[in-house]
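What the coordinates show
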Amino acid sequence: MRQFTLCLLLVLSTIVSIHAQQPKKLNSSEIYEAVQKLNVLGSVLYIAAHPDDENTRLISYMANHVKARTAYLSLTRGDGGQNLIGPEIRELLGVIRTQELLAARRIDGGEQRFTRANDFGYSKHPDETLQIWDKDKVLSDVVWAIRTFKPDIIINRFDHRRAGRTHGHHTSSALLSLEAFDLSKDPSKYSEQLDLTETWQPKRLFYNTSWWRYGSREAFDKIDKSNMLNFDIGVYYPTKGMSNNEVASLASSQHLCQGFGRLSQRGTQQEYIEFLKGEPLDGTDDVFAGIDTSWNRVKDGEAIGAILNNVENNFNFVNPSTHVPQLIEAYKLLQNLEDDHWKSLKSKEIIEIIEACAGLYIEVSANSPQASPNSLIGLRMEVLNRSDANIELVSYNISTMSEGISKTLNMTANQKLNFLEDVVIPKDFGYTTPYWLNKKNGIGMYHVEKQELIGLPETPRGITVDFNLMVDGTPISINKSVIYRYSQPDKGELYRPFEIIPQVSASISDKVYIFENDQQKEIEVTVKAGKENIEGFVQMAYPNDWNVYPQKQKIQIANKGDIQKVVFTVIPPKNQSEGLITPMVNIDGQFFTKELIEIDYDHIPFQTVLMPSESKVVRLNIDKRGNNIGYINGAGDVVPESLRQIGYNITIIEPEQISPENLSNFDAIVVGIRAYNILDELKFKQKYLLDYVKEGGNLVVQYNTSRGLKTEQLAPYDLKLSRDRVTDEKATVTILNTEHPILNFPNKITTEDFNGWVQERGLYFPNQWAEEFTPLLAMKDSGESSKKGSLLVAKYGKGNYIYTGLSFFREFPAGVSGAYRLFANLLSAGKEEKTQLKN
């Protein structure tokens, strides 16, 4: 049964993934739900720190049961997390997690907002968080979100009163929300925003509490709940065929890169929110008490409400097009409203409902998924009225053209209209890439100068088409972004966003090149054409004490999308040094230095990201012993590639290949991050790994979390994992045993080897271990006790068992030389004895 349920969830997730890639087409039940939401003029803003922090149960409840306009404001894009599905980290992980949030919102019915805050990794206190973030800018972004979204109700995910007892980002999100609740109404605060919006005062602020806040269900049952509201978020939606918690489970399961795929839930389930600030509840159990969420909320809205309530109460599920005349009448009245906020929102909603009721199919597909500025692209427009509604296509306006194209065609029922247009992309047209990555970011903030962009989940599409229609004699305009629609024999019809890219891009195969001696290396540069007939040359920018030849190489690429590879020889200096190399492609005197990165996962739309094309080069004084290393992959790291950089022969060992015969030939075996959390087979294969150590092998195990371990015997001796971590990458490291071989052979490790580390020292250190283990390092965050579990070594039989929570998986991609030197020593453990015997 469990296997069947997992398969069912996988099927449902696949269906969601397929639909996430194509334009939404509403069926009758979905149209009816949209009409219900059209008749509610209330809004809720949910605030937390990261993707996957949000309570999808409550978001879905507010959006689908209460029918309120509901949004999630995530202060960060989750750039500092780990990635369980691929190699992307930092900025690219933030792009994936942004899209996973949007996928979740498409399911639970919410909207998505952000601030410019950068997820720099785990923080232990909000004081540290707000120091690394620019507090004033993040606060201004929260105020901006409130002023533009105009929520009646704000719900914080986290408790502002728990500073130092949970993630600093979490507490900061609550503190900033609390402060912004008052500031958003003050015209003297962030007054520059008021050129684009207006002040706003939310009615109430809540904290989404639960039993876990109090440690146990028993403790929660005993507390005074007179200041709380509770909801049964297990309500059933007949129009969806699912309960609210089922919808929520599907939504949260979109966070696949964080391992959030899970089984759905059903049945009664209570959710609690604690009143914090605003207009008192006065004993009511209605979160919107005192707020008129009907059409009576706006001046002259009563007549609109009368029409739309009639549509809702007498909805025709068999033929929704019968409601088009009523919807048009309501739309006309909407245009006379004085309240611009609700006028804008509800006009957009009602146009989408008219489009769905009439069965309008309007699509603009490009003849290529990508194009560069100053190039020609073909657009194919398909316009179809699949109802008896009286609709005329008057004209359409393509955003890149100064004038519209007149048509004046009657849209006869089910008679398709096709149009072809050739469009030249303007020479100065902006590229399709996440707007927050256009400028180099700091450790705590992304740099976004244009106020209108701040908070948007993604960059607005550059090329769109406005279709100007007459529906029952009333002009309405329907805007469509250009997409790319195609098919594959094994997958059927597929969609991709249409994207503007540079005419040429360049990439280097690796992001870090480690030179273990002064021998030169050949580095391959891949140049990709974004248009036809590319001619020019490519040269390298490099540090002064390095040399590269040849100075430049000619490139000539005939077809768009094709690539040309060229090889440069890079010569390091004699002494230790590091810097950046950048390929520079010259086309007609213009240099192109961006790398085109494509992210393609089934559960999110195809993503194109432009990043500076650069690689770090490190001349490193390093020695090593042993060459053949077996690597058991964990949860998406680039450690194997990094070890190859310093000359190791790396063999990936699949779990089913773990056997005494296969292990015996390796000088050392490395277990990837969180492997014991995700690989079920290790429960049965662990004995072979420990036997390998016993017979003289060297096993290096990287960090795992204590929750969800697949085996109870992680090590040959007692070893208890904890949540101990050191988040300050500059924290002082104390060497506990300066004479230990691992810190002396083949490289002498000193405190200087811990300079230049990024994001953190390490995480999930053991806090209890058997006496057979020797701790080698001590470190701590400010104000905390010393942590000695970052690197533990134990002799077992003839070999060495090493457990480390140090963040090698982050340091290697950053080219941190000391991390390479230390890891080389871990892999060389035990080899000093053999070296002495030979001597």
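This text goes with the structure placed above it.
In this text, all values refer to a predicted model and were calculated from it rather than measured experimentally.

Right, let's talk about the overall build of the chain for a bit. The secondary structure content of the chain amounts to 19 helices and 43 strands. Judged by the C-alpha coordinates and their principal axes, the chain covers about 95 × 75 × 60 Å. Here the chain holds 839 residues, and 56% of them are scored as buried. Element-wise, carbon and sulfur atoms account for 47% of the exposed surface of the chain, whose accessible area totals about 35700 Å². Treating the 92 positive side-chain charges of the chain as one cloud and the 106 negative ones as another, the clouds have centres 3 Å apart.

Looking now at the pairing of strand 18 (residues 483-488). When strand 18 meets strand 19 (residues 492-497), the two strands line up antiparallel, connected through 6 bridges. Note that in strand 19 the partner of tyrosine 484 across the bridge is arginine 496. Between strand 18 and strand 19, which follow one another and run antiparallel, lie 3 residues.

The contact between helix 2 (residues 28-38) and helix 12 (residues 340-357) brings their axes to 10 Å, and the two run at 160 degrees. Considering the angle they form, helix 2 stands roughly antiparallel to helix 12. Note on packing geometry: the crossing formed by helix 2 with helix 12 is left-handed. Each of Ile31, Ala34, Val35, Lys37 and Leu38 in helix 2 lies in contact with helix 12, whose residues at this interface are Lys346, Glu349, Ile350, Ile353, Ala356 and Cys357. Residues of the contact of helix 2 with helix 12, tallied by class, amount to 8 nonpolar, no polar and 3 charged.

Note on placement: proline 550 falls in the loop between strand 25 (547-549) and strand 26 (552-557). Residues in contact with proline 550, not counting those within four places in the same chain, are Val567 and Phe568.

Time to look at the pattern of salt bridges. Taken as a whole, this structure holds 44 salt bridges when the rule is applied. Salt-bridge contacts for glutamate 614 lead to lysine 440; the nearest nitrogen and oxygen are separated by 3.6 Å. Of this pair, glutamate 614 sits in the loop between strand 31 (607-612) and strand 32 (615-619) while lysine 440 sits in the loop between strand 15 (417-424) and strand 16 (464-471); the two residues are 174 residues apart in sequence, bridging distant segments of the chain. In this structure glutamate 614 comes out as partly exposed when scored by relative accessible area, which is 25%.

On to the packing of aromatic side chains. Using the criterion set out here, one finds 25 aromatic pairs in the structure. Here phenylalanine 515 and tryptophan 546 contribute two aromatic rings whose centre-to-centre distance is 5.1 Å and whose plane-to-plane angle is 75 degrees, an arrangement assigned as edge-to-face. Taken as a pair, phenylalanine 515 in strand 22 (residues 512-515) and tryptophan 546 in the loop between strand 24 (534-541) and strand 25 lie far apart in primary sequence, 31 residues in all. We note that phenylalanine 515, like tryptophan 546, is buried. Here the aromatic residues Phe754, Trp757, Phe808, Phe812, Tyr820 and Phe823 are joined through ring pairs into a cluster of three or more. The ring of tyrosine 764 has arginine 725 sitting right over it, with the charged end atom 5.3 Å from the ring centre.

This paragraph deals with the nonpolar core. Grouped together as the largest cluster of nonpolar side chains are 76 residues, with contacts concentrated most on Leu643, Leu689, Leu777, Tyr801, Phe823 and Leu827. Tallying contributions element by element places helix 18 (residues 817-827) first for this core, with 7 residues. Those residues in contact with phenylalanine 823, other than ones at most four positions away along the chain, are Leu643, Val670, Val700, Phe808 and Phe812. In this structure, Leu308, Ala358, Leu379 and Ile478 belong to the second largest nonpolar core, which totals 60 residues.

Next up on the list: the sheet that holds strand 5 (residues 204-207). Taken in spatial order, the 7 strands line up as 3-2-1-4-5-9-6 in an open sheet, and their pairing is mixed. Since the sheet does not close on itself, it has two edges, and those belong to strand 3 (111-114) and strand 6 (228-232), each with one partner. Shown here is a sheet whose adjacent strand axes are inclined to one another by a mean of 30 degrees, direction ignored. Bridge count for strand 4 (residues 153-156) against strand 5 is 4 bridges, and the pairing is parallel. The partner of isoleucine 154 across the bridge, within strand 5, is leucine 205. Taken strand by strand, helix 7 (residues 168-183) contacts strand 1 (43-48), strand 4, strand 5 and strand 9 (270-278), and its axis lies near 45 degrees from that of strand 9.

What follows covers the sheet that holds strand 16. The strand order across the open sheet built from 4 strands is 14-13-16-17, with neighbouring strands paired in antiparallel fashion. Here the strands that pair on one side only, and so sit at the sheet edges, are strand 14 (405-410) and strand 17 (474-481). Across the sheet, the mean angle separating the axes of adjacent strands is 20 degrees when strand polarity is ignored. Contacts between helix 12 and the sheet are confined to strand 16 and strand 17, with strand 17 contributing the most and set at about 90 degrees to the helix.

We now examine the side chain of serine 790. Along the chain, the position of serine 790 falls in the loop between strand 41 (777-779) and strand 42 (791-796). Among residues more than four places away in sequence, those in contact with serine 790 are Phe765, Leu777, Met779, Tyr803, Thr804, Gly805 and Leu806.

Moving on: the packing of helix 4 (residues 91-108) against helix 9 (residues 244-252). Relative orientation of the contacting elements helix 4 and helix 9 amounts to 165 degrees, with a least axis distance of 8 Å. In terms of orientation, helix 4 and helix 9 fall into the roughly antiparallel class. Our pair here, helix 4 against helix 9, has a crossing hand that is right-handed. Here Ala104, Ile107 and Asp108 of helix 4 lie close against helix 9, whose contacting residues are Val247, Leu250 and Ala251. Residue composition of the contact of helix 4 with helix 9, by class: 5 nonpolar, no polar and 1 charged.

Right, let's get into helix 11 (residues 324-334). The set of residues buried in helix 11 consists of Val324, Leu327, Ile328, Ala330, Tyr331 and Leu334. Angularly, the buried residues of helix 11 cover 165 degrees about the axis, an arc narrow enough to put them on a single face.

One can find glutamine 258 in the loop between helix 9 and strand 9. In this structure the side chain of glutamine 258 is engaged in a polar contact, spanning 2.5 Å, whose partner is the backbone oxygen of glutamine 82. Contact partners of glutamine 258, with chain neighbours within four places excluded, come to Asp52, Gln82, Leu84, Leu93 and Arg97.

Three- or four-residue spacings in an α-helix give side chains the same orientation, since the helix completes a turn every 3.6 residues. The end-to-end C-alpha separation of helix 7 is 22 Å, in line with the 22 Å expected for 16 residues at 1.5 Å each. Helix 7 sits mainly inside the fold: 13 of its 16 residues count as buried.

Here we take up the environment of glycine 634. Structurally, glycine 634 is set in the loop between strand 33 (628-632) and helix 13 (639-645). On the basis of relative accessible area, glycine 634 is assigned to the buried category, the value being 19%. Distance in space between the C-alpha atoms of glycine 634 and lysine 450 is 40 Å, their sequence separation being 184 residues. Leaving out residues up to four positions away in the same chain, glycine 634 has contacts with Gly672, Ile673, Ala675 and Ile678.

This paragraph deals with the environment of serine 252. By the element assignment, serine 252 lies in helix 9. The buried category is assigned to serine 252, whose relative accessible area is 6%. Those residues in contact with serine 252, other than ones at most four positions away along the chain, are Thr56, Phe260 and Arg262. A distance of 2.8 Å separates polar atoms of two side chains, one belonging to serine 252 and the other to arginine 262.

Glancing now at unusual backbone geometry. Cis geometry is adopted by the peptide bond preceding proline 550, which originates at tyrosine 549 and carries an omega value of -5 degrees. Although it is not a glycine, aspartate 52 adopts a positive phi angle of roughly 80 degrees. Secondary-structure assignment places aspartate 52 in the loop between strand 1 and helix 3 (56-65). We classify aspartate 52 as buried; its relative accessible area is 18%. One non-glycine residue, aspartate 300, lies in the positive phi region at around 70 degrees. The residue aspartate 300 is located in the loop between strand 9 and helix 10 (302-313) in this model. Overall, the relative accessible area of 52% leaves aspartate 300 in the exposed class.

Conventions and cut-offs
Residues numbered from 1 in each chain as written. Predicted model: local features only at pLDDT ≥ 70, side-chain atom pairs only at ≥ 80, totals over all residues. Heavy atoms only, no water. Helix = DSSP H or I, 4+ residues; strand = E, 2+ residues; numbered from the N terminus. Buried < 20%, exposed > 50% of the residue type's maximum accessible area, 1.4 Å probe, protein only. Areas by Shrake-Rupley, 256 points an atom, 1.4 Å probe, with all protein chains shown as cover. Lys, Arg positive; Asp, Glu negative; His and termini not counted. Charge placed at Lys NZ, Arg CZ, Asp CG, Glu CD. Pairing = 2+ DSSP bridges. Axes fitted to C-alpha atoms, helices over the stretch in contact; angles between N-to-C directions. Parallel < 35°, antiparallel > 145°, perpendicular 65-115°, else oblique. Left-handed = near helix turned anticlockwise from the far one by under 90°. Contact = heavy atoms within 4.5 Å. Nonpolar A, V, L, I, M, F, W, Y, C, P; charged D, E, K, R; others polar. Salt bridge = Lys/Arg side-chain N within 4 Å of Asp/Glu carboxyl O. Phe/Tyr/Trp six-rings, centres within 6.5 Å; stacked < 30°, edge-to-face > 60°. Lys NZ or Arg CZ within 6 Å of the ring centre and 35° of its normal. Core = buried A, V, L, I, M, F, W, Y, C linked by side-chain atoms within 4.5 Å. Arc of directions from axis to C-beta. Polar contact = N/O pair within 3.5 Å; in protein donor to acceptor, adjacent residues only side chain to side chain. Expected span 1.5 Å × (residues − 1).

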